[in-house]
Amino acid sequence: MAQCQGLAPFFVAFMLSYLHRYHAGNFADVHKHLLLSRVLCALNRKPAPYCVIDTHAGEGVYDLRAEEAVKGGEAADGVARFLGLGDVPLLAQEYRAALGEGSYPGSPALARRLMRDVDRLVAVELHPATYETLRATMRGDARVHFHRRDAMEALVALVPPVEKRGVAVIDPAYEVKDEYRSVPAAVAKAHARWRGGVYFIWYPLLPEMRHEMLLESLEDAGFAEVVVSEWHRRAPDSGRGLYGSGVAVVNPPFRFADEAAELGAWLETAGFGGTHLLRRFGR
Ligand SMILES: C[S@@+](CC[C@H](N)C(=O)[O-])C[C@H]1O[C@@H](n2cnc3c(N)ncnc32)[C@H](O)[C@@H]1O
């Protein structure tokens, strides 16, 4: 297991104030995890093993009845609404099945649920207490490896994985404004070392529109193909806070764009509302 070099745990905890347990199960999680499930299902189509590198793993598993989750109440307009829907489309069934297993799965638990015995998950988390919870909730599975270290440093250092196939899931809290620049820069560096990897990046849609910097940098990096899925729940100028959720996938699997379009259209009409936008760019 790699260690977080040079930074005292209390200092790291002070720098990182975001705790996903206050937001777990919100509409952005539904969007992100639905699309992540499609990437994992695509990787499962070939028998060769793959690796999932989750650079911002969080706690792994969440109790949506815990005080922190109940306080924000964000799951009501997210996963609780999703679970309350009648039929879900075929493309959402693996995600739905993963939710039906008790505690609510964050991205590493979702990956662990959908990957096969031959595949591997590398879960990276920097926050000391979050890291300890992650290890405790995900222990006992030899396919899962843990690193307490900085995400951007790990992303570049850990690629290419021995499997040569797989996905890097990059899901910062964007507490540090520089992340809108450092994420695409780290993805470009990792891509130079691992050209065949899929890079799955989540970003928030906030009225400050800083995500535009991230998308411009991805566009300037000259990747062969990038698919962008944005779910706008309301107008950007209609209030403070998150107005939508964005996912950009570099080197998307075959059919990913069509699947994202189909799921996005379904989310618009299924009782959530909002507008789904799909965009592609590349060389
Ligand atoms: C949005 S949450 C992750 C949620 C998780 N991916 C999921 O979908 O269930 C972001 C996580 O990144 C962690 N984090 C923030 N900065 C980091 C860094 N520089 N390196 C590694 N982890 C970091 C936070 O402690 C937090 O747990």
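Note that this is a predicted model, so its numbers are computed, not measured.

Caption draft 1: The confidence of the model for the protein chain, seen in detail. The predicted model of the protein chain averages 94 in pLDDT, with 95% of residues at 70 or higher. Element-level mean pLDDT values for the protein chain span from 63 in helix H1 (residues 9-15) up to 99 in strand S6 (residues 166-170). Segment residues 1-5 is flagged for pLDDT under 50; beyond a separation of four residues in sequence, or across chains, it makes 13 contacts in the model.

Caption draft 2: Looking closely at the packing of helix H2 (residues 27-43) against helix H6 (residues 107-114). At a closest axis distance of 10 Å, the pairing of H2 and H6 adopts a crossing angle of 30 degrees. Between H2 and H6 lies a crossing of right-handed hand. Contacts between H2 and H6 involve His 33, Leu 36, Ser 37 and Leu 40 from the former and Ser 107, Leu 110, Ala 111 and Leu 114 from the latter. Its residues assigned to classes, the contact of H2 with H6 shows five nonpolar, three polar and no charged.

Caption draft 3: Spotlight on helix H11 (residues 256-269). Helix length check: H11 (14 residues) gives 20 Å between terminal C-alpha atoms against 20 Å at 1.5 Å per residue, within 8%. Listed in full, the buried residues belonging to H11 are Phe 256, Ala 257, Glu 259, Ala 260, Leu 263, Gly 264, Trp 266 and Leu 267. For H11, the elements touching its buried residues are H2, helix H4 (79-84), strand S8 (226-232), strand S9 (244-250) and strand S10 (275-281). Immediately downstream of H11, the backbone of Gly 271 shows phi near 125 degrees, a positive value.

Caption draft 4: How the structure looks around the packing of H6 against helix H7 (residues 128-138). At their nearest, the axes of H6 and H7 sit 11 Å apart, and the two run at 25 degrees to each other. Our classification of the angle between H6 and H7 gives roughly parallel. Read as a crossing pair, H6 and H7 show a hand that is right-handed. Residues Pro 108, Ala 109 and Arg 112 of H6 pack against Leu 134, Thr 137 and Met 138 of H7. Split by residue class, the contact of H6 with H7 holds four nonpolar, one polar and one charged.

Cut-off values and rules
Residues numbered from 1 in each chain as written. Predicted model: local features only at pLDDT ≥ 70, side-chain atom pairs only at ≥ 80, totals over all residues. Heavy atoms only, no water. pLDDT = per-residue confidence, 0-100. Helix = DSSP H or I, 4+ residues; strand = E, 2+ residues; numbered from the N terminus. Contact = heavy atoms within 4.5 Å. Axes fitted to C-alpha atoms, helices over the stretch in contact; angles between N-to-C directions. Left-handed = near helix turned anticlockwise from the far one by under 90°. Nonpolar A, V, L, I, M, F, W, Y, C, P; charged D, E, K, R; others polar. Expected span 1.5 Å × (residues − 1). Buried < 20%, exposed > 50% of the residue type's maximum accessible area, 1.4 Å probe, protein only. Parallel < 35°, antiparallel > 145°, perpendicular 65-115°, else oblique.

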